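Observations on the model geometry
Here is how the chains run, residue by residue.
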Amino acid sequence: MVSIKDIARHTGFGVSTVSAVLSNKANRLGIKQATCEKITAAAVELGYRRNDIAAQMQSGRSKTLIQFLPDFHGDYLSRSALMTNIAALRLGYTTREIVFSRNSDFHALVNSAIEQRPAAFFAWNIQGPRLEILQKDSRRYHIPLALLDIDSGDAEVRVLTDDLHGIRQAVDYLYELGHRRIVHVTDTLKAHYAKFRFNAYDRCMKEKGLVLEKSLCYHDYLTFNPEKLVQYVRMLASLPEPPTAVTCGSDYIALKLMMLFPRFGLRIPEDISLIGFGGLPLARVTVPMLTTIDQSLDRLGANAAETMIRFLNGESVPERILLPTTLTIAQTTTKPKTGE
C-alpha cells in the first residue's frame, strides 16, 4: 500500500507538506499551488488510496500520545517521558506509557495501542524488529510517529541529541588537558546509541591525529556479562602504561567503571580520567562527582511533544531535530600524571 512517506520520497517534499496537501490544509498553511499539483500528481501516479480504517480513526482520534518505553530504560528515560507528559498537558493532550520487556509480545502491545485511537506514537530508543512493527502499523493506520534519541527509520518527527558533538566535546577537553591515550568503553555495538558513539569516538580521535587503540576499547553486553567488564579493567590495570583517559557511551557505564577502577589500583582522576555521557541525576551525587556530557534529556521529551502537537495541528515541522549537548566538568578529569 502506498503511503504518504512514499509520496514524500517520490516528490522530494517533507512528509508534513505531503500530509497537509492530501488533507486539504495547503491553503491554510500557505503551500504553493505548484507544490500541491506535484504532490497530487504523484499520489495519482503511485496509486495512493487513503486507508478506510485509518480515515475512520482520524475522525475519531483521541488527544492521547502513547509512549513506548523499554523496561530497562531506568532514570535515562523516566525524566524525559515525564517532560513529554508535562509539555503535552500544557498543550491540551495527555500521554500514556506502554512499558515493554525483551520478552513482550510487542505486536500485541501495538495492536492494543491502536484500538485506543491515539493521536500519535512516541518510540523511545526502539530499534530492530520492534521499530519495524511500529513503523508499519503507524503507516497503515496513519498514526504519526515520533522517534526519540534514535536516528534511524522514517517518522514524522525525530528528536535526538547531537552525539557526535558530545563525543567531540569529551575528546577535545581531554586533549586540552594533555591526554593522548584515550579509550572508549560502551555497550554492545548492536545497540544503536553505542555504535554511533563509538564511531563518533573513532572519528574524533582521527581528527586529532591520535592513535586509536581499538584493542584497549570495550564494547560488549554490560548487563549480561558483568564479569567481562571486570576482566577488562583488570587488563587495563596490568598494562605497563595504561591509557590515561576513558570516554564512556553512557553515565551508567562510567559509574560501573568508577566502582571497578579503585579495586585494581587505578585512582580517579589521578591515574585515569573519566567522562560519562547523559547527564543523569545520579552522576551528580558520586564521589568524586562525574564529568559528563549532558544530553538535556528534559528538552528531548518536551521538544518531541511540542513538535508532534504542532504537526497534529497541521503546521509544517522539521522531520529531524538535533539538540545540543553540554560538557559538564566535575571531579573525574584532570591532567595526566606524565603531562604527555
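Note that the coordinates shown come from a computational prediction; the quantities given were computed from them, not determined experimentally.

**What to know about the nonpolar core**
V185, L229, Y232, V246, L257, F261 and L274 are the most contacted members of the largest nonpolar core, which has 47 residues in total. For this core, the secondary structure elements donating two or more residues are α9 (163-177), β6 (182-186), α10 (192-207), α11 (226-238), β8 (245-248), α12 (251-260) and β9 (273-278). If we skip the residues at most four places from it in the chain, L257 touches V185, L229, V233, V246, C248, P262, I268 and L274. Counting 24 residues, the second-largest nonpolar core is a separate cluster that includes Y93, A120, L300 and L323.

**Description of the pairing of strand β3 (residues 120-124)**
Along a regular strand, successive side chains alternate from one face of the sheet to the other. Counted residue by residue, β3 has five buried out of five residues, so it is predominantly covered. Neither face of β3 is left uncovered, since the one carrying A120, F122 and W124 and the one carrying F121 and A123 both have all their residues buried. Relative to β3, strand β1 (residues 64-70) runs parallel, the two being bridged by four bridges. Bridge pairing links I66 to F121 in β3. Running through helix α8 (residues 128-140), the crossover from β3 to the neighbouring parallel element strand β4 (residues 145-148) is right-handed.

**Overview of the pairing of β4**
With burial as the criterion, each face of β4 is covered, one bearing L145 and L147 and the other bearing A146 and L148. The pairing of β3 with β4 spans four bridges and is classified as parallel. What sits directly across from W124, in β4, is L148. Where β4 meets strand β5 (residues 157-161), three bridges bridge the pair, whose relative direction is parallel. In the strand pairing of β5, L147 is matched with R158.

**Let's talk about the pattern of salt bridges**
Once their charged atoms are close, side chains differing in charge can pair, the charge on each being opposite to the other. The tally for this structure, following the rule as stated, stands at 15 salt bridges. Among the salt bridges present, the one from K206 reaches D202, with a minimum N-O distance of 3.1 Å. Of this pair, K206 and D202 both sit in helix α10, four residues apart, roughly one helical turn. By relative accessible area, K206 is classed as exposed at 57%.

**Things to note about the packing of aromatic side chains**
The full count for this structure, using the stated rule, is five aromatic pairs. Measuring from ring centre to ring centre gives 5.0 Å for F100 and F106, while their planes differ by 70°; the resulting arrangement is edge-to-face. When its relative accessible area of 4% is taken as the criterion, F106 is described as buried. Taken together, a centroid distance of 5.2 Å and an interplanar angle of 50° make the contact between Y218 and Y232 tilted. Remark: Y232 occurs in helix α11 and Y218 occurs in strand β7 (residues 218-219); sequence separation between them is 14 residues. The burial state of Y218 is the same as that of Y232; both residues are buried. Linked through ring pairs, F68, F100, F106 and F121 together constitute an aromatic cluster.

**Some details on the side chain of T35**
Tracing the backbone shows T35 in helix α4 (residues 33-46). Note on T35: relative accessible area 13%, which makes it buried. Not counting residues up to four positions away in its chain, the partners in contact with T35 are F13 and T17.

**Section: the packing of helix α1 (residues 4-11) against helix α2 (residues 15-22)**
Two elements in contact, α1 and α2, have axes separated by 9 Å at closest approach and are oriented at 115°. Relative to α2, the element α1 is oriented roughly perpendicular. Like other packed secondary-structure pairs, α1 and α2 cross with a definite hand, here right-handed. Residue-level contacts link I4, K5, I7, A8 and T11 of α1 to V15, V18, S19 and L22 of α2. When the residues that make up the contact of α1 with α2 are grouped by side-chain class, the tally is six nonpolar, two polar and one charged.

**Comments concerning the sheet that holds strand β12 (residues 326-328)**
A sheet is described by the order of its strands in space; here six strands give the open sequence β7-β6-β8-β9-β10-β12, paired in mixed fashion. Each having just a single partner strand, β7 and β12 make up the two edges of the open sheet. With three bridges connecting them, β8 and β9 associate as parallel partners. Considered in β9, the bridge of A245 is made with S273. Sitting on the sheet, α9 touches β6, β8, β9, β10 (291-294) and β12, and the angle it makes with β9 is about 165°.

**Section: the sheet that holds β1**
Strand order in the open sheet made by the six strands is β2-β1-β3-β4-β5-β11, with parallel pairing throughout. This sheet does not close on itself; its edge strands, each paired only once, are β2 (94-100) and β11 (320-323). Going across the sheet, the axis of each strand differs from the next one's by a mean of 20°, ignoring polarity.

**Comments concerning the side chain of S3**
Among the secondary structure elements, S3 is positioned in the segment before α1. Under the relative-accessibility criterion, S3 is labelled buried at 8%. The contact partners of S3, leaving out residues within four places of it in the chain, are Y48 and R139.

Rules used in this analysis
- Residues numbered from 1 in each chain as written.
- Predicted model: local features only at pLDDT ≥ 70, side-chain atom pairs only at ≥ 80, totals over all residues.
- Heavy atoms only, no water.
- Core = buried A, V, L, I, M, F, W, Y, C linked by side-chain atoms within 4.5 Å.
- Buried < 20%, exposed > 50% of the residue type's maximum accessible area, 1.4 Å probe, protein only.
- Helix = DSSP H or I, 4+ residues; strand = E, 2+ residues; numbered from the N terminus.
- Contact = heavy atoms within 4.5 Å.
- Pairing = 2+ DSSP bridges.
- Right-handed = clockwise from strand over helix to strand, strands pointing away.
- Salt bridge = Lys/Arg side-chain N within 4 Å of Asp/Glu carboxyl O.
- Phe/Tyr/Trp six-rings, centres within 6.5 Å; stacked < 30°, edge-to-face > 60°.
- Axes fitted to C-alpha atoms, helices over the stretch in contact; angles between N-to-C directions.
- Parallel < 35°, antiparallel > 145°, perpendicular 65-115°, else oblique.
- Left-handed = near helix turned anticlockwise from the far one by under 90°.
- Nonpolar A, V, L, I, M, F, W, Y, C, P; charged D, E, K, R; others polar.

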